[in-house]
Amino acid sequence: MRDTPEELRELQALLDASLSRSTSHLRSIVTERTLTAEQLTQILTGMCTLALSTVTAKGEPRISGVDGHFLHGKWYFGTARSAAKARHLAARPAASVAHMRGEDLGVFTHGTVEILNPQGGEPAPDWPDLLAYFKDFYGDDAFDWDDEVVYYRLHPHWMTVYAPDLAKLTAASQS
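Each chain has its residues counted from 1, following the order in which its sequence is written. At least 70 in pLDDT is required for a residue's local features to be given in this predicted model, at least 80 for side-chain atom pairs to be given and counted, and no such filter applies to totals for whole chains, interfaces and linings, which use all residues. Excluding hydrogens and water, the side-chain values take into account all heavy atoms of the structure.

**Focus: the nonpolar core**
- Residues belong to one nonpolar core when they are buried, are Ala, Val, Leu, Ile, Met, Phe, Trp, Tyr or Cys, and are joined through side-chain atoms within 4.5 Å. Relative accessibility decides the category of a residue: with a 1.4 Å probe and only protein chains considered, values under 20% of the type maximum give buried, values over 50% give exposed, and everything between is partly exposed. Counting 30 residues, the largest nonpolar core has L40, W75, F77 and L105 as its most contacted members.
- Helix and strand assignments come from DSSP, with helices taken as H or I runs of at least 4 residues and strands as E runs of at least 2, each series counted from the N terminus. The element best represented in this core is strand 6 (residues 149-162), accounting for five residues.
- Two residues form a contact once any of their heavy atoms are found within 4.5 Å. The residues contacting L105, other than those within four sequence positions of it, are L35, I43, L44, H99, M100, V161, Y162, A163 and L169.
- In terms of nonpolar packing, the next biggest core, distinct from the first, is built from twelve residues, Y76, Y133, W145 and Y151 among them.

If you want it as structure tokens, here you go:
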């Protein structure tokens, strides 16, 4: 677990606030079937496939898959600099992601992306540490890390978790 106590407190506050301002329908489904911030960070390790939603210039929704990494209470993901989703996010940084594991886990997040390694621009202050993590995960020579891929951090303003059976999730993550 890479999250600090402060990051866990912030994530828990986000989860609580998001659920409290959700519809009664969603609260009726999730309230007794959710995870704490600490539990969530123990389940979301390694790469988690995300469904990423962006919007075109015409306001048309688009969804695609990305490799997601849940670090420090936020989602991180990358794509090719030439991908349509990269153009969408550059022009309209609002995004939503969903990570689902069958009927056992659903993590739904809305927020705004930050580009971590802008081409020709100043990278995020923590980009060197994040790049080391990604290189360790994917391999140092997996990509041309400077020119080929763009990485994002999704700053969530809403996040909720559906997990009806923590024991089942915990057992699955240990196998």
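**Focus on the sheet that holds strand 2 (residues 61-71)**
- Note on pairing: DSSP must find at least two bridges between two strands before they are called paired. The strand order around the closed barrel built from six strands is 1-2-3-6-5-4, with neighbouring strands paired in antiparallel fashion. With direction set aside, neighbouring strand axes in the sheet form an average angle of 40°.
- Taken together, the ten bridges between strand 5 (residues 105-115) and strand 6 define a ladder with antiparallel strand orientation. By the bridge assignment, V113 is partnered in strand 6 with L154.
- Running over the sheet, helix 1 (residues 5-20) touches strand 2 and strand 6 and is turned about 55° from strand 6.
- Packed onto the sheet, helix 4 (residues 84-91) meets strand 1 (47-55), strand 2, strand 3 (74-80), strand 4 (94-101), strand 5 and strand 6 and runs at close to 60° relative to strand 1. Angular values range over 0 to 180 degrees, each being the angle between N-to-C directions of two axes fitted as lines to C-alpha atoms, with helices fitted over their stretch in contact.

**Observations regarding the packing of aromatic side chains**
- In this scheme Phe, Tyr and Trp rings, the latter by its six-membered ring, pair at centre separations within 6.5 Å, and the angle between planes marks the pair as stacked below 30 degrees, edge-to-face above 60, and tilted otherwise. Under the definition given, this model contains eleven aromatic pairs.
- Ring geometry for F70 versus W75: centroids 4.9 Å apart, planes at 65°, classification edge-to-face. Here F70 and W75 have matching classes, each one buried.
- Seen from their ring centres, F143 and W145 are 5.0 Å apart, and the 90° between their planes marks the pair as edge-to-face.
- Residue F143 is classed as partly exposed on the basis of its relative accessible area of 28%.
- Among the aromatic residues, ring-to-ring pairing joins W127, Y133, F134, F137, Y138, F143, W145 and Y151 into one connected group.

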